[in-house]
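Listed here are the chains, written in short residue letters.
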Amino acid sequence: MLNKKLKKILIIHHGVGVGGGLIALLGLIEELKEKNEVRVLSVFNSEAVGYIKKTGVKVYLPKSKFYNRFYGLFIHSEASYFGIIEFLRNLKNLSTFFLNKYFFAKDELKYLNFEFEIVYLNSTFISDWSFAAKQLEKKTIIHVREPLAKGFLGIRKAILRNTIKKYCDRVIAISFDNAIRIDLKEKTTVVYDPVVSKGRDATVENVSNPKLKYFLYLGGMQRIKGFEQLVNALPNLDKDVRIYFLGGDFTTSKSKLKRVISYIDPYMWRINSLINRLNKSDKVIKLGLIDNIFVYYRNSIGLLSPFSKPHASLPVLEAFSVGKPVIVSDVEGMDEIVNDKNGLFFKNNDPKALAIAINGMASLGSSDYQIMSQNAKSKYIDIVNNNGIVQLVIDRV
């Protein structure tokens, strides 16, 4: 029997950050490579490019200086805080959204040395590329990884949603919550992100003390990941509790003017104190950005995912995959996969409630913990067995 002809797919990735979105992309690339010819266009040249190249695919960067000098992502996400700097940045980025949509994107796609059939947009907020793809008569799929915000008047949401509705043939959402927010039922398939353990499970000796109770936190100092409420919970943790703290440090703008304006936000008045308290706490084992995170999953009682803003949590799926229960905030959408049988909820913005949940899981008896652990693993298996398949969406486009 003749092999089916490989489809040629150009994935467009924004190239921002090395978090869950990039990890999910790496898993997606490995999956798609089995039946397709895959190449990637990274809008920005960042550390992410190196990770993508390790998958063996060819990576392109835009030729126009427009992207490095002017272009910015027009973001309208529920998983963000919106202040004056974000407002001004978004105004500028809205203009570059339209400039890219109507003028620059087509040339970048047109002159790639790759005769692709499908454009695969790996973020809600690069939908501006879909217009150019349609002009070039390419099928277009967009992966809705971020929760589209409602906003005050709905104008920003309408701009993004209407672009997706008009120019994208299919939508893949990483959660039902994201699918509901984009509200394009006839085009949308929900596909939970794959758990990628390859290259992330190297052996590390002596990572735990059997007399202590360890939890894993992966959000670094990102505000939306619950950094502030985690730090505020530390004084109320039991003596035998320790937290593996993974992720990046807090960063500020290189612009002095932007740094000054940022202090309009009271959070900026608190950040130095939060960092100092984290660094001084004997409850925290700070590990930074590392690849071998599954070592720490296996040596932890559970995962902490204390998000302060709603968005899908890939670490919850990773934890479930190795039978680790989770502690999560009650932000919208979190109950899609977490329940009181495989994890514990606490009230968002209540650090004492977070501490109570951590202490509670740490003090569970062996039998109760094993039941919760098995429920976590069973939930993961159920998700995998009933999950949508990206390749099927591609085959039907």
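The following refers to the structure shown. (Residues numbered from 1 in each chain as written. Predicted model: local features only at pLDDT ≥ 70, side-chain atom pairs only at ≥ 80, totals over all residues. Heavy atoms only, no water.)

## Describing the packing of aromatic side chains
For any two aromatic rings, the description comes down to two numbers: the centre-to-centre distance and the angle of the planes.
Then step 1. Summed over all chains, the structure comprises 18 aromatic pairs.
Then step 2. Seen in terms of ring centroids, Tyr67 and Tyr71 are 5.4 Å apart; in terms of plane orientation they differ by 65°. Their pairing is edge-to-face. Residues Tyr67 and Tyr71 agree in their burial class; the two are buried.
Then step 3. Taken together, Phe44, Phe66, Tyr67, Tyr71, Phe104 and Trp129 form an aromatic cluster joined through their ring pairs.
Then step 4. A cation over an aromatic ring shows up here: Arg223 above the ring of Tyr267, its NZ or CZ 4.2 Å from the ring centre.
Then step 5. Between Lys309 and the ring centre of Tyr81, over which it is positioned, the NZ or CZ distance is 4.7 Å. (Phe/Tyr/Trp six-rings, centres within 6.5 Å; stacked < 30°, edge-to-face > 60°. Buried < 20%, exposed > 50% of the residue type's maximum accessible area, 1.4 Å probe, protein only. Lys NZ or Arg CZ within 6 Å of the ring centre and 35° of its normal.)

## What about the pattern of salt bridges?
Here the idea is simple: oppositely charged side chains can pair when their charged atoms come close.
Then step 1. As enumerated under the stated definition, the model contains 10 salt bridges in all.
Then step 2. Taking the shortest distance from any N to any O, the salt bridge between Asp177 and Arg181 comes out at 2.9 Å. Residue Asp177 and its partner Arg181 are located together in helix H7 (residues 176-182), separated by four residues, close to a single helical turn. With respect to class, Asp177 is no different from Arg181; both count as buried.
Then step 3. Arg270 is paired through a salt bridge with Glu228; the nearest N and O atoms lie 2.6 Å apart. (Salt bridge = Lys/Arg side-chain N within 4 Å of Asp/Glu carboxyl O. Helix = DSSP H or I, 4+ residues; strand = E, 2+ residues; numbered from the N terminus.)

## Remarks on the packing of helix H4 (residues 84-110) against helix H6 (residues 155-167)
Then step 1. Interaxial distance between H4 and H6 falls to 12 Å at its minimum, and their mutual angle equals 20°. Our classification of the angle between H4 and H6 gives roughly parallel. Considering how the two elements wind past one another, H4 and H6 form a crossing that is left-handed. Across from Asn90, Leu94, Phe97, Phe98 and Lys101 in H4, the residues of H6 making contact are Arg156, Ile159, Leu160, Thr163 and Tyr167.
Then step 2. The class makeup of the residues in the contact of H4 with H6 is six nonpolar, two polar and two charged. (Axes fitted to C-alpha atoms, helices over the stretch in contact; angles between N-to-C directions. Parallel < 35°, antiparallel > 145°, perpendicular 65-115°, else oblique. Left-handed = near helix turned anticlockwise from the far one by under 90°. Contact = heavy atoms within 4.5 Å. Nonpolar A, V, L, I, M, F, W, Y, C, P; charged D, E, K, R; others polar.)

## A word on the sheet that holds strand E8 (residues 213-217)
Then step 1. Judged by pairing direction, the sheet is parallel, and its six strands sit side by side in the order E10-E9-E8-E11-E12-E13 without closing on themselves. Each end of this open sheet is capped by a strand with a single partner; those strands are strand E10 (284-288) and strand E13 (343-346). Adjacent strand axes in the sheet meet at a mean angle of 25°, parallel and antiparallel pairs treated alike.
Then step 2. Relative to strand E11 (residues 302-305), E8 is paired through three bridges, and the arrangement is parallel. Bridged to Leu216 within E11 is Leu303. (Pairing = 2+ DSSP bridges.)

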